Amino acid sequence: MPEQQNANRPAERMDEGAIRVHALPPLESRGPSPWLWLGVALLLIAALLVIFVLPVVVREYELPLEPRVEVVPPPPATAGPSADELSPYEEAVLARARSQAQEVLAAILEAQDELEALRVGEWAQAEYDSALEAARVGDAHYRDREFDQADARYREAADILGGLIDSVPIRLGQALAAGEEALLRGDPARAAEQFNLALVLEPGDAAAATGLERTATHNELAALLERAGELAGAGDLQQSLAVYREAAALDPANPRAGEGIAEISARIREREFSAHMSAGFALLEAGDPAGAIAEFASAEALGVNREQARSAIEQTRGQVASVEIERLRGRVEEAERDEQWQQAVAAYDQVLQIDANVVFAIDGRGYAARRAQLDNLLAEAIANPYRFNEDDVYRQALDVYYTGRAIENPGPKLAGQLDALEALLSDSQIPIDVPFASDNLTHVTLLRVAELGEFEQTSLMLKPGRYVALGRRIGYREVREEFTVGFGQTPGRVVVQCAERLGSRR
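Bear in mind that the values here come from a model prediction, so they are computed numbers and not experimental data. (Residues numbered from 1 in each chain as written. Predicted model: local features only at pLDDT ≥ 70, side-chain atom pairs only at ≥ 80, totals over all residues. Heavy atoms only, no water.)

Considering the overall build of the protein
Argument step 1. A tally of regular secondary structure across the protein gives 17 helices and nine strands.
Argument step 2. Relative to its 506 residues, the protein shows a buried fraction of 32%.
Argument step 3. Excluding contacts between residues fewer than 6 apart, the proportion of contacts in the protein whose partners are at least 24 apart in sequence is 54%.
Argument step 4. Surface summary for the protein: the accessible area is close to 31,400 Å², and the carbon and sulfur share equals 54%. (Helix = DSSP H or I, 4+ residues; strand = E, 2+ residues; numbered from the N terminus. Buried < 20%, exposed > 50% of the residue type's maximum accessible area, 1.4 Å probe, protein only. Contact = heavy atoms within 4.5 Å. Areas by Shrake-Rupley, 256 points an atom, 1.4 Å probe, with all protein chains shown as cover.)

Listed below in structure tokens is the structure:
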């Protein structure tokens, strides 16, 4: 066996040698090229970059050189986790923060456009720059993924810009007021600047446009106002008023022109007031109180020192009243002396119309009225004694007589009236025999006295007075006979007979 094994080994070496001989490469090798291996390595590296690096870059940038806005509240002391460490929830929080930041940025841009249209740089450059600086700081925080700080700065900028927009109406009013003040100070350049600013804040504002027009005429207006003041100082009030009115027409909104018109008009009224008052007192001294009152009334109508004018009128009227009252008092005394009591009453009434508190008129009128009434009653009784045959009338006349007799110290007129009435009253009570005649066919009635019947001759005792005899006969026209008894008028005979048939002609 060993021999066999040994015999076999040389054969194996021979085989190996054969193999090596057969395995020798040809003159041109057929193995992989080194460039091939280099390409494979580069592809491997690119694949690794795509797998591990590209996701990070994509998450951090939306476009080349434009950072993606993803806001995640940063930890207070340590840097935030890398993109590979963010959970889906954290990714959602960042997305919401990014959306909120974009909304604030949109509001900032909208406010910026509005303010640029209002030329904000001309009236609030510092505040506007402050807002832009806050926005830039917010941008820096945004790029550093410090989204809370970025949001705060953005909101700060938005608040500043919104405040500027909200302040436009106030700034407009301030500009208009400043322009008006500058005009009053005599600074038309400053006024024009402020009115122009107002037009920037509110294009087409009527007050600002009017203000600019007023600045153009300021110098002319100032000259007119100065001229008006000089004329007023010289006492030429009418001409000063005319110049002030010219200035007001040039600039109706200028207060100095209006104040000048009011002041000079008041001075003119005061001058006219003094003239009317002086004329009134002159007329009063000349004995013309009516003319004086007219002048004082004209002074009062001017509206200047009305109390003074009214006092003068009252004093004048008081003087006139005193004079008139004295004149009427004289008339009263004369009328009472002549026992013209009705005239006295009329004079007393005139006095009381002037002054209802005049004592002598109050006291005297009552007595004069009673005497006037007595005078009327006496006159009526004396004029109608024929009625004394009536008992009521007689008693009334008797009362009047005794009332008159009770008056102490009667005047001649009253005494004469009383004597006359006394005689009439006495005569009225003495009956007189009055004869009557008829045809014995006529029925005779003495009205309100007696039925006389049919007779040819009769008589009747009658008190003085007026009577009516009535005659009636069948088939004949009725007759009436009126007659007076006494007082020298008693008839010799009263004939009463019906002589005219009914239906016959006279």
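Regarding a negative patch on the surface
Argument step 1. A grouping of Glu110, Asp113, Glu114 and Glu116 is seen on the molecular surface, where their side chains present a negatively charged patch.
Argument step 2. Its place among the elements puts Glu116 in helix 3 (residues 88–117). (Patch = residues over 30% accessible without salt bridge, like charges linked within 9 Å, V, L, I, M, F, W, Y side chains within 5 Å. Salt bridge = Lys/Arg side-chain N within 4 Å of Asp/Glu carboxyl O. Lys, Arg positive; Asp, Glu negative; His and termini not counted. Charge placed at Lys NZ, Arg CZ, Asp CG, Glu CD.)

So, helix 4 (residues 125–143)
Argument step 1. With 19 residues, helix 4 extends 27 Å from end C-alpha to end C-alpha; this agrees with the ideal 27 Å at 1.5 Å per step.
Argument step 2. Those residues of helix 4 not exposed but buried are Tyr128, Ala131, Leu132, Ala134, Ala135, Gly138, His141 and Tyr142.
Argument step 3. Where helix 4 terminates, the next one or two residues include Arg145, which has phi positive at roughly 60°. (Expected span 1.5 Å × (residues − 1).)

Structural notes on the sheet that holds strand 5 (residues 450–453)
Consider a sheet: its strands pair through backbone hydrogen bonds, and that pairing is either parallel or antiparallel.
Argument step 1. Overall, antiparallel pairing links the four strands, which are arranged 5-4-7-8 in an open sheet. Pairing within the sheet leaves two strands with one partner each, and these edge strands are strand 5 and strand 8 (479–485). The average angle at which neighbouring strand axes cross in this sheet is 20°, direction not considered.
Argument step 2. As defined by bridge partners, strand 7 (residues 465–472) adjoins strand 8 across seven bridges and the pair is classed as antiparallel. In the strand pairing of strand 8, Gly471 is matched with Val479. (Pairing = 2+ DSSP bridges. Axes fitted to C-alpha atoms, helices over the stretch in contact; angles between N-to-C directions.)

Observations concerning the sheet that holds strand 3 (residues 432–437)
Argument step 1. Spatially, three strands are ordered 6-3-9 in an open sheet, and the strand pairing comes out mixed. At either end of the open sheet lies a strand with only one pairing partner, and these are strand 6 (457–462) and strand 9 (494–495).
Argument step 2. Two strands pair when backbone bridges link them, and strand 3 and strand 9 are joined in this way by two bridges, in the parallel orientation. The residue bridging Ala437 from the neighbouring strand is Val495, located in strand 9.

Re the nonpolar core
Argument step 1. Counting 30 residues, the largest nonpolar core has Leu115, Val120, Trp123, Tyr128, Leu161 and Leu164 as the members making the most contacts within it.
Argument step 2. At the level of elements, helix 3, helix 4, helix 5 (147–166), helix 6 (168–185) and helix 7 (188–201) are the ones that each hand at least two residues to this core.
Argument step 3. Of all the elements, helix 5 adds the most residues to this core, at seven residues.
Argument step 4. Not counting chain neighbours up to four residues away, the residues in contact with Val120 comprise Leu115, Gln125, Tyr128 and Leu164. (Core = buried A, V, L, I, M, F, W, Y, C linked by side-chain atoms within 4.5 Å.)

Looking at the packing of helix 11 (residues 255–285) against helix 13 (residues 306–337)
When two helices pack together, their arrangement is given by the angle between their axes and by how far apart the axes lie.
Argument step 1. For the pair helix 11 and helix 13, interaxial distance at closest approach is 11 Å and the crossing angle is 10°. Our classification of the angle between helix 11 and helix 13 gives roughly parallel. The segment helix 11 lies against helix 13, with Phe273, Met277, Phe281 and Leu284 engaging Gln308, Ala309, Ala312, Thr316 and Gln319.
Argument step 2. Class assignment of the residues belonging to the contact of helix 11 with helix 13 gives a composition of six nonpolar, three polar and no charged. (Parallel < 35°, antiparallel > 145°, perpendicular 65-115°, else oblique. Nonpolar A, V, L, I, M, F, W, Y, C, P; charged D, E, K, R; others polar.)

Here's the deal with unusual backbone geometry
Argument step 1. Phi is positive for Asn409, which is not a glycine, with a value near 50°.
Argument step 2. Within the element layout of this structure, Asn409 appears in the loop between helix 16 (391–405) and helix 17 (412–427).
Argument step 3. Positive phi outside glycine occurs at Arg448, with the angle close to 65°.
Argument step 4. Tracing the backbone shows Arg448 in the loop between strand 4 (443–446) and strand 5.

Side note on the confidence of the model for the protein
Argument step 1. Across the protein, the average pLDDT comes to 79, with 81% of residues at 70 or higher.
Argument step 2. Below a pLDDT of 50 lies the segment residues 1–30, which in the model reaches zero contacts outside its immediate sequence neighbourhood of four places, other chains included.
Argument step 3. Every residue in residues 53–80 is under pLDDT 50, and counting partners more than four places away or in other chains gives 43 contacts. (pLDDT = per-residue confidence, 0-100.)

A look at the environment of Leu241
Argument step 1. As for its position among the elements, Leu241 is in helix 10 (residues 237–250).
Argument step 2. Along the backbone, Leu241 and Gly229 are 12 residues apart, and their C-alpha atoms lie at a distance of 9.5 Å.
Argument step 3. Once residues within four sequence positions are removed from consideration, Leu241 is found in contact with Ile261, Ile264, Ser265 and Ile268.

With respect to the pairing of strand 4
Argument step 1. Relative to strand 7, strand 4 runs antiparallel, the two sharing four bridges. Bridge pairing links His443 to Arg472 in strand 7.
Argument step 2. Here three bridges tie strand 4 to strand 5, and the two strands are oriented antiparallel to one another. By the bridge assignment, Thr445 is partnered in strand 5 with Glu451.

Quick notes on the pattern of salt bridges
Argument step 1. Going through the model one piece at a time under the given rule, you end up with 18 salt bridges.
Argument step 2. As a salt-bridge pair, Glu307 and Arg310 come within 3.1 Å of each other at their nearest N and O atoms. Within this pair, Glu307 and its partner Arg310 are both found in helix 13, separated by three residues, close to a single helical turn.
Argument step 3. Take Glu307: its relative accessible area is 60%, and that puts it in the exposed class.
Argument step 4. One network of salt bridges, with partners in common, ties together Glu300, Glu307 and Arg310.

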